[in-house]
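If you want the building blocks of each chain, they are given just below.
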Amino acid sequence: MSHNKRSNEPFLWLLFSAGGVVAAMVIPIHLLLFGLAFPLGWLNPPSYQSLADLLHNPVTRLYLFVVCTLSLFHWAHRFRYTLYDGLQIKHLNELINTFCYGGAIVGTVVAGYLLWSL
Amino acid sequence: MNAPTEYLPKSYRTRVSTYWWLHRWPYLKFILRELSSVFVAWFVILTLLQVSAIAGGAAGYAQFQEWLQNPIVILLNLVSFLFVLLHAVTWFNLAPKAMAVRMGGKRVPDLLIAGPNYVAWAVVSAAVAWIVLRG
């Protein structure tokens, strides 16, 4: 990496951090409801129509977009360091960065497309 | 194991096992906490699949719900839920360590700083549950 280039590490860390807050606040309840409580019959799932109506509300779409995007950048940053530290494969730097941040960018585009084209 | 490369020169190199994090509980906890990000990513994939299923109409969504009842998917979601809980708790507990607030010469107890995080967590979770279950 060249030294005269400004580091974008603070920006990436900010995204990681914001994603960490969002993920901690909302993912547990989402997973508990849709991943466990509804499929296992602990609670009656909402009807298709009510979910579709909810999803067509722009506020819901913006919410889901923000949650998905920030969560992905949280993953990218943390997973990158997990690979560095856990497996000690810092020499694969470029490849890991491309995979992690590239994945987050692709996910953001997919989320944006899906939520916009509803 | 750790073959010398450009980044790992031969000199000044002590051997660290690839599995160093298995040797002590705090290390293992650290790696588990870091691995929680994988399940955060899984949640995003799951959510986007759900959005796409809802967009596809009632029949497609019924199929998606059936898929969610597959034992393997339930197990995956259970594990994800536990990892995301680990992430949430470790994240909220980090706040008092990141900011050591002093009042009247004494350090404010950790619980007073982490506490509001937990209150916010409960409120947000209740709000999401209410919005989803209302329908």
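Worth saying up front: this structure is predicted, and the values here are computed from it rather than measured.

Draft legend 1. Inspection of the overall build of chain B at higher detail. When helices and strands are counted, chain B shows 4 helices and 2 strands. Taking all 135 residues of chain B together, 19% fall into the buried category. Considering only contacts in chain B between residues 6 or more positions apart, those separated by 24 or more positions represent 39%.

Draft legend 2. Geometry of the overall build of chain A. A count of helical and extended segments in chain A gives 4 helices and 0 strands. Of the regular secondary structure in chain A, the N- to C-terminal order runs α-α-α-α. Over its C-alpha trace chain A gives a radius of gyration of 18 Å, far above what one expects of a compact globule, namely 13 Å for 118 residues. Along the first, second and third principal axes, the C-alpha set of chain A runs to 55 × 30 × 20 Å.

Draft legend 3. Inspection of helix H3 (residues 58–87) of chain A at higher detail. In this model, H3 of chain A (30 residues) spans 42 Å end to end at C-alpha, consistent with the 44 Å of a helix rising 1.5 Å per residue. Among the residues trailing H3 of chain A, Gln88 of chain A stands out with phi positive, at a value near 55°.

Draft legend 4. Broad picture of the interface of chain A and chain B. Facing the 47 residues of chain A at the interface are 49 residues of chain B. Of all the secondary-structure elements, those providing two or more residues to the side of chain A that touches chain B are helix H1 (9–37), helix H2 (48–56), H3 and helix H4 (93–116) of chain A. Among the elements that take part in the side of chain A that touches chain B, H1 of chain A stands out by supplying 15 residues, more than any other. Residues that form the side of chain A that touches chain B fall into these classes: 33 nonpolar, 12 polar and 2 charged.

Draft legend 5. The environment of Ala53 of chain B, seen in detail. Residue and element names in this part refer to chain B. Relative to the helices and strands, Ala53 resides in helix H1 (residues 25–55). Spatially, the C-alpha atom of Ala53 lies 9.2 Å from that of Gln65, the residues being 12 residues apart in sequence. If we ignore the near neighbours within four places in the chain, the residues touching Ala53 are Gly60, Tyr61 and Phe64.

Draft legend 6. Spatial organisation of the packing of H1 of chain A against H1 of chain B. Interhelical geometry of H1 of chain A versus H1 of chain B gives an angle of 55° and a closest axis separation of 11 Å. In terms of axis orientation, H1 of chain A runs oblique to H1 of chain B. H1 of chain A and H1 of chain B meet at a crossing whose hand is left-handed. The segment H1 of chain A lies against H1 of chain B, with Ala23, Ile27, His30, Leu31 and Phe34 of chain A engaging Val40, Phe43 and Gln50 of chain B.

Draft legend 7. Fine view of the confidence of the model for chain B. Looking at chain B, pLDDT values average 88 and 90% of them are 70 or higher. The spread of mean pLDDT over the elements of chain B runs between strand S1 (residues 102–103) of chain B, the lowest at 78, and helix H2 (residues 58–68) of chain B, the highest at 96.

Draft legend 8. Main features of the nonpolar core. If you look at the biggest cluster of nonpolar residues, it comprises 45 residues, and the most contacted ones within it are Leu72 of chain A together with Val40, Phe43 and Val84 of chain B. Of all the secondary-structure elements, those providing two or more residues to this core are H1, H3 and H4 of chain A together with H1 and helix H3 (71–98) of chain B. No other element matches the 12 residues that H1 of chain A contributes to this core. Sequence-distant contacts of Val84 of chain B, that is, excluding residues within four places in its chain, are made with Ala23, Ile27, Pro28 and Leu31 of chain A together with Ser36, Phe39, Val40 and Phe43 of chain B.

Draft legend 9. Main features of the environment of Val59 of chain A. Position of Val59 of chain A among the secondary structure elements: in helix H3. Sequence spacing of Val59 of chain A and Phe16 of chain A is 43 residues, and the spatial spacing of their C-alpha atoms is 23 Å.

Draft legend 10. Region of interest: the packing of H1 of chain A against H3 of chain A. Residue and element names in this part refer to chain A. Here H1 crosses H3 at 120°, and the two axes come no closer than 7 Å. Comparing the axis directions of H1 and H3 gives the class oblique. The way H1 lies across H3 gives a crossing that is left-handed. For the pair H1 and H3, contact is made by Leu12, Trp13, Leu15, Phe16, Ala18, Gly19, Gly20, Val22, Ala23, Val26 and Ile27 and by Val67, Leu70, Ser71, Phe73, His74, His77 and Arg78, respectively. Looking at the contact of H1 with H3 residue by residue, the classes come out as 12 nonpolar, 5 polar and 1 charged.

Rules and cut-offs
Residues numbered from 1 in each chain as written. Chains lettered and ligands numbered in written order. Predicted model: local features only at pLDDT ≥ 70, side-chain atom pairs only at ≥ 80, totals over all residues. Helix = DSSP H or I, 4+ residues; strand = E, 2+ residues; numbered from the N terminus. Buried ≥ 20, exposed ≤ 12 C-beta atoms within 10 Å, placed from the backbone. Contact = placed C-beta atoms within 7 Å. Rg over C-alpha atoms; globule rule 2.2 N^0.38 Å. Expected span 1.5 Å × (residues − 1). Nonpolar A, V, L, I, M, F, W, Y, C, P; charged D, E, K, R; others polar. Axes fitted to C-alpha atoms, helices over the stretch in contact; angles between N-to-C directions. Parallel < 35°, antiparallel > 145°, perpendicular 65-115°, else oblique. Left-handed = near helix turned anticlockwise from the far one by under 90°. pLDDT = per-residue confidence, 0-100. Core = buried A, V, L, I, M, F, W, Y, C linked by C-beta atoms within 7 Å.

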